[in-house]
Amino acid sequence: MTLGNGIKAGSADRLVEALDTQIRSGSAPGLVFGLACGSDLDIRAIGPAAPGSDRPMLPDTIFRIASMTKPIAGLVATALALEGVFELDDPIDRHIPELADRRVLVRPDAALDETVPAARPIRVEDLLTCRMGMGFIMQEGRFPFMEALSELGLTPGAYPPSDPPDVWIKKLANLPLIDQPGTVWRYDTAISVLGVYLERATGRSLDTLFRERVFDPLGMTDTGFHVPPDSLSRLPPECWEDGTEDDPGGAGSRFVAPPAFHSAAAGLVSTARDLLTFATMMLNRGEWRGRRLFQSQVIDAMTRDRIPDDQKRNSPFVPGFWDKNGWGYGVGISYPKDPTDPPGFGWAGGTGTNLYWDPATGLAGVLLTQRLMTSPTAPAHFDTFWRHARAAAA
C-alpha cells in the first residue's frame, strides 16, 4: 500500500523503531529525521535534545548543519555563473588578488619553501569542485602545510572561521598550494574561498545572497547563519561521543549573533522541514509550488560529476570513497553499492547531519543530530537511516 505516490505506509514508523534502538545504544543522544516523496512529508523527532536531558528533540529543532551548507552555496554560485555574473573558467584573481601568482609545493609533504610556479591561475570552477590546490591532507605522516594551516588558525572545521573574510584570505595567502589547480580534489578550503569570491563578485553578503536566492523564495524561515533570539530555545547543545558539550546551545551558543565570516563551507543552521523543502525544489529541477526559481540547466550543471576517473583513482581522500561517490558543483553524488548508501545528490555535515535527494525515486531524506563526527566514516545511525529510508519511496 502506498500513500499518494509518495511514502510507503508504515515506513516512517519502522524507521522510528530502528533509530530508537540506535539512540538507546548511544549512537546519538537524540535526532530528527524527515522523508519527502511526491506530496507526502513526514518529520519525526526521537530522543532527548542532549545527553541526560529531560527536554525532547522536537520536529522543529534547529540544527547546526555544517558542511550541508555546501550544496546551497554550490546552487547559488552555479546560478550566478550561468546568469553571466562571472564565468566558471574566470581566474579568481580579479576578486581575490591575494591568491594570484600562486606557488605550489613540489610534493604534499615538502617544506613550505620547496615550491614551483602554478601552471595556471585558480578558476571559479576549481573552487566549486574542491580542486583549487588547497584543503585537508587526509594521509598519515608529517605535513608542514597542515602544521602551518593550524598555526594560522585556518584548519577547516564544523564552525565558521573566527576571522573576517579579508583577514582570513590574507592569512591563507601566506601558504603555497599543495597541488596544481584543477588536478586534485581536497576537502574543503575551496568552498570557504568560494564564499569570499561570491561576496566580492556580487558586492553582497553571503547571508543576503542565500536569503534572496534560496531561503525567502522557498520559505526557509529557520535557515541562516545565526539563530534569532526568539528561536534560541530550539537550538540544542552539541556534543562529542562521550557527551561532552562542544557548543552549549540556547543563549550560550556561538550562533546567537551573526558571525564575522559567513562560511559557504559550514556556516548554516536549519531544520528538517527547511532542508526537505530545499531538496524537493532540487528534485523538481528548480521549481517550487509552480514557480521557477532556478533554470533546470543550473540544477543539471550543478549535479553532474566533475571529477575525472583518473583523478578519482589517484585521490588521496578516504579509501573507497570514490568507488561509489562523485562531486559536482558544491554537492556530493552518490552511486549506491549497498542498501546503507544514500542515493542521489546531497552531503553530510560534521555535526552529525545528512541530506540526500534521489531523482530516480523522487525521495528526499534528512537526518539531523548534534553528535559531532570524529571521522569521515558514517556513524551507525546514518547507515540505519538510509537502509530504511531507501525502502520508503512508493
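Below you will find a few notes about this structure. None of the values given here were measured: they were computed from a predicted structure.

Okay, the overall build of the chain next. Regarding its fold elements, the chain presents eleven helices and 15 strands. Over its C-alpha atoms the chain spans a radius of gyration of 20 Å, differing by no more than 12% from the 21 Å that the globule rule assigns to 394 residues. Here the chain holds 394 residues, and the buried ones make up 58% of them. Of the contacts made within the chain by residues no fewer than 6 positions apart, 69% connect residues no fewer than 24 positions apart. When the accessible surface of the chain is totalled, it reaches about 15700 Å², and 48% of it is carbon and sulfur.

Within a beta sheet, neighbouring strands are joined by backbone hydrogen bonds and run either parallel or antiparallel to one another. Here we have seven strands laid out as an open sheet, ordered 2-1-15-14-13-12-11, and antiparallel in their pairing. Only two strands of the sheet have a single neighbouring strand rather than two, namely strand 2 (40-46) and strand 11 (325-327). Looking at each pair of strands side by side, their axes are set apart by 20° on average, direction ignored. On the sheet, helix 1 (residues 11-24) packs against strand 1 (31-37), strand 2 and strand 15 (363-368) and is oriented at approximately 25° with respect to strand 2.

This part is about the pairing of strand 2. A regular strand places its side chains so that they alternate between the two faces of the sheet. Bridge count for strand 1 against strand 2 is seven bridges, and the pairing is antiparallel. Looking at strand 2, one finds that Phe-33 is bridged to Arg-44. Connecting strand 1 to the antiparallel partner strand 2 that follows it, the hairpin turn spans two residues, and Gly-38 within it adopts a positive phi of roughly 60°.

What follows covers helix 2 (residues 70-82). In this model helix 2 runs 18 Å from its N-terminal to its C-terminal C-alpha over 13 residues, within 8% of the 18 Å that 1.5 Å per residue would give. Buried residues dominate helix 2, accounting for twelve of its 13 residues. Every buried residue belonging to helix 2 is among Lys-70, Pro-71, Ile-72, Ala-73, Gly-74, Leu-75, Val-76, Ala-77, Thr-78, Ala-79, Leu-80 and Ala-81, and all of these are buried. In the stretch just after helix 2, Gly-84 is the one whose phi turns positive, near 90°.

Okay, the packing of aromatic side chains next. Tallied over the full model, the rule gives 20 aromatic pairs. Judged by centre distance (5.7 Å) and plane angle (20°), the ring pair of Trp-185 and Tyr-187 falls under stacked. Note on accessibility: Trp-185 and Tyr-187 belong to one class, buried. Measuring from ring centre to ring centre gives 5.8 Å for Tyr-187 and Trp-347, while their planes differ by 55°; the resulting arrangement is tilted. One end of the pair, Tyr-187, is in the loop between helix 5 (165-172) and helix 6 (189-202); the other, Trp-347, is in strand 13 (residues 344-349), and 160 residues separate them in sequence. No difference in accessibility class separates Tyr-187 from Trp-347, as the two residues are buried. An aromatic cluster of at least three residues, connected via ring pairs, comprises Trp-185, Tyr-187, Phe-317, Phe-321, Trp-322, Trp-327 and Trp-347. If you follow Arg-254 out to its NZ or CZ, it ends over the ring of Tyr-159, 3.6 Å from the centre.

Let us look at the packing of helix 1 against helix 11 (residues 380-389). Relative to each other, helix 1 and helix 11 sit at 170°, their axes nearing to 10 Å. Taken together, the axes of helix 1 and helix 11 lie roughly antiparallel to each other. The two elements helix 1 and helix 11 cross, and the hand of that crossing is right-handed. Packed against helix 1, whose contacting residues are Arg-14, Leu-15, Ala-18, Leu-19 and Gln-22, the element helix 11 presents Ala-380, His-381, Thr-384, Phe-385 and His-388 at the interface. Residues that form the contact of helix 1 with helix 11 fall into these classes: five nonpolar, four polar and one charged.

Enumeration according to the criterion identifies 24 salt bridges in this entry. Arg-234 is the partner of Asp-222 in a salt bridge, and the nearest nitrogen-oxygen pair spans 2.8 Å. One end of the pair, Asp-222, is in the loop between helix 7 (206-218) and strand 6 (238-239); the other, Arg-234, is in the loop between helix 7 and strand 6, and twelve residues separate them in sequence. Each member of the pair, Asp-222 together with Arg-234, is buried.

To continue, consider the side chain of Gln-370. With respect to the helices and strands, Gln-370 occurs in the loop between strand 15 and helix 11. Residue Gln-370 is classed as buried on the basis of its relative accessible area of 2%. At 2.6 Å, the side chain of Gln-370 and the side chain of Arg-64 are in polar contact. Ignoring anything within four residues of it in the chain, the contact list for Gln-370 reads Ile-62, Phe-63, Arg-64, Pro-236, Pro-237, Glu-238, Cys-239 and Thr-351.

Parameters at a glance
Residues numbered from 1 in each chain as written. Predicted model: local features only at pLDDT ≥ 70, side-chain atom pairs only at ≥ 80, totals over all residues. Heavy atoms only, no water. Helix = DSSP H or I, 4+ residues; strand = E, 2+ residues; numbered from the N terminus. Rg over C-alpha atoms; globule rule 2.2 N^0.38 Å. Buried < 20%, exposed > 50% of the residue type's maximum accessible area, 1.4 Å probe, protein only. Contact = heavy atoms within 4.5 Å. Areas by Shrake-Rupley, 256 points an atom, 1.4 Å probe, with all protein chains shown as cover. Pairing = 2+ DSSP bridges. Axes fitted to C-alpha atoms, helices over the stretch in contact; angles between N-to-C directions. Expected span 1.5 Å × (residues − 1). Phe/Tyr/Trp six-rings, centres within 6.5 Å; stacked < 30°, edge-to-face > 60°. Lys NZ or Arg CZ within 6 Å of the ring centre and 35° of its normal. Parallel < 35°, antiparallel > 145°, perpendicular 65-115°, else oblique. Left-handed = near helix turned anticlockwise from the far one by under 90°. Nonpolar A, V, L, I, M, F, W, Y, C, P; charged D, E, K, R; others polar. Salt bridge = Lys/Arg side-chain N within 4 Å of Asp/Glu carboxyl O. Polar contact = N/O pair within 3.5 Å; in protein donor to acceptor, adjacent residues only side chain to side chain.

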